[in-house]
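# Chain and residue survey
For reference, the chains in residue letters:
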Amino acid sequence: MTPFDKISRYSFFSFPMSDFYGLATDYGIDPSFALATWIWETGYGSSDLWINHNNPAGITCGMEYCSYNTQEQG
């Protein structure tokens, strides 16, 4: 069992782990690092930026935080 298998059973992660893994590798990011960053930055999916703006890591657009239409876009 991988860390991705363990975390995918929790409801705070609403899209499939295979998609998360695929996105990370598509962008050349180690999936474990991406997952750890997501956990740290969103407080396991409880942050306002994640819940209301689909922003997984405090990503900024100029002087403000970016807002995305979907979690996959974020």
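Conventions adopted
Residues numbered from 1 in each chain as written. Predicted model: local features only at pLDDT ≥ 70, side-chain atom pairs only at ≥ 80, totals over all residues. Heavy atoms only, no water. Helix = DSSP H or I, 4+ residues; strand = E, 2+ residues; numbered from the N terminus. Buried < 20%, exposed > 50% of the residue type's maximum accessible area, 1.4 Å probe, protein only. Contact = heavy atoms within 4.5 Å. Areas by Shrake-Rupley, 256 points an atom, 1.4 Å probe, with all protein chains shown as cover. Core = buried A, V, L, I, M, F, W, Y, C linked by side-chain atoms within 4.5 Å. Axes fitted to C-alpha atoms, helices over the stretch in contact; angles between N-to-C directions. Parallel < 35°, antiparallel > 145°, perpendicular 65-115°, else oblique. Left-handed = near helix turned anticlockwise from the far one by under 90°. Nonpolar A, V, L, I, M, F, W, Y, C, P; charged D, E, K, R; others polar.

Turning our eyes to something else, we now look at the overall build of the chain. When its secondary structure is counted, the chain shows four helices and two strands. Element order for the chain, N to C, with α for helix and β for strand: α-α-α-α-β-β. Residues classed as buried in the chain amount to 28% of the 74 residues present. Within the chain, contacts between residues at least 6 apart in sequence are counted, and of these 25% link residues at least 24 apart. Within the structure as shown, the chain displays about 5000 Å² of accessible surface, and the carbon and sulfur contribution to it stands at 55%.

All right, on to the nonpolar core then. Membership of the largest hydrophobic core is limited to eight residues, which are Met17, Phe20, Ala24, Ala34, Leu35, Trp38, Ile39 and Trp50. Residue assignment for this core shows that the elements contributing at least two residues are α2 (17-26) and α3 (31-42).

Glancing now at the packing of α2 against α3. Viewed as axis vectors pointing N to C, α2 and α3 meet at an angle of 115 degrees, and their least axial separation amounts to 9 Å. When the interaxial angle is binned, α2 and α3 end up roughly perpendicular. The interaxial crossing formed by α2 with α3 has right-handed handedness. Packed against α2, whose contacting residues are Met17, Phe20, Tyr21, Ala24 and Thr25, the element α3 presents Pro31, Ala34, Leu35 and Trp38 at the interface. Each residue belonging to the contact of α2 with α3 can be placed in one class, and the counts come to eight nonpolar, one polar and no charged.

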